[in-house]
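Structure at a glance
Single-letter residue listing:
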Amino acid sequence: MAEEQNDLDYAGDGRRLRWLAHNQARRRVIIDAAIRVLERTEPGDDVQVQLIAEEAGLARTVLYRHFHDRVDLDLAVQQAICKDIGDQLLGTLTYEGRPFEIIRDAVTGVVSWAVEHPTLFWFVELELPGPGPHPLSVAIEQIAEQIETIMNTVVDHFGVELSANDRASLDPWVFALIGAVFSGVKRWQSRLEVTPDGAAFAHMLAESIWVQIDAMAKLRGLVVPDVPLVELFHVMEQSEQ
């Protein structure tokens, strides 16, 4: 009898797992459809749920079986877009280039993505009602953590003593640097005449970030070596052996 009950429980778990997988797949279909619809519209245009349902090949009533309401759908779309942005930017954070080159490549990635996907860039910054962090803030935080780790590694290697206030301020400061890039790109792209071109604007933003990092380091007695980070980390590894 106990074995039969276990079989029933297992079968029930199997059905639940299949339903969860089906539900997740259907949600992904709807999210992808919403992104395609957004890509065909202009920033600021109102996108009706019916258009998304039709793009997904579903009835509107079926769509709302997978999302509580429009805010739930929009939030899921923002999260998907932010994951794409985050994956692209994290992919640019290699250690092959010099510090300024790494910064320039990352900023260029943001600018290029915004140019290629203007409506998605506008949509991802919309403030939605409800609790929890904004998806864009989460994506920026993930990137900031990578950069902060690099900074702490370099600072510790050169034996620079940072004050408790400096240590505590590093995270929000790096977050602010990255957030300023998104704010600047939003303003640049929203003007009637989008000038200068993307490459020139990205270079200027990168220079601004580098000047701040370099100046803050020098004020604390650290000169950031102008060499590829991979070479710097190699020297650091050898010195620790």
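The shown structure was predicted, so the numbers you read here are calculated from the model rather than taken from an experiment. Per chain, residue numbering runs from 1 following the sequence as it is written. Given that this is a predicted model, residues contribute local features only at a pLDDT of at least 70 and side-chain atom pairs are listed and counted only at 80 or more, while totals for whole chains, interfaces and linings are drawn from all residues. To obtain the side-chain values, all non-hydrogen atoms of the structure were used and water was disregarded.

Further remarks concern the pattern of salt bridges. We count a salt bridge whenever a side-chain nitrogen from Lys or Arg sits within 4 Å of a carboxyl oxygen from Asp or Glu. Across all of its chains, the model carries 11 salt bridges by this definition. Arg-28 is the partner of Asp-32 in a salt bridge, and the nearest nitrogen-oxygen pair spans 2.6 Å. Of the two residues, Asp-32 and Arg-28 are both situated in helix 1 (residues 2–39); the distance of 4 residues between them amounts to about one turn of the helix. The classification of residues rests on relative accessible area computed with a 1.4 Å probe and restricted to protein chains. Under 20% of the type maximum is buried, over 50% is exposed, and intermediate values are partly exposed. Here Asp-32 falls in the partly exposed class, since its relative accessible area comes to 28%. Across the salt bridge formed by Asp-166 and Arg-220, the nearest N and O atoms sit 2.7 Å from each other. Of this pair, Asp-166 sits in helix 8 (residues 164–190) while Arg-220 sits in the loop between helix 9 (198–219) and helix 10 (229–240), and the two are 54 residues apart along the sequence. The exposure class assigned to Arg-220 is partly exposed, which follows from its relative accessible area of 32%. Each of the salt bridges in this network shares a partner with another, and the network as a whole consists of Arg-36, Arg-40 and Glu-55. Helix numbers and strand numbers start at the N terminus; a helix is a DSSP run of H or I with at least 4 residues, a strand a run of E with at least 2.

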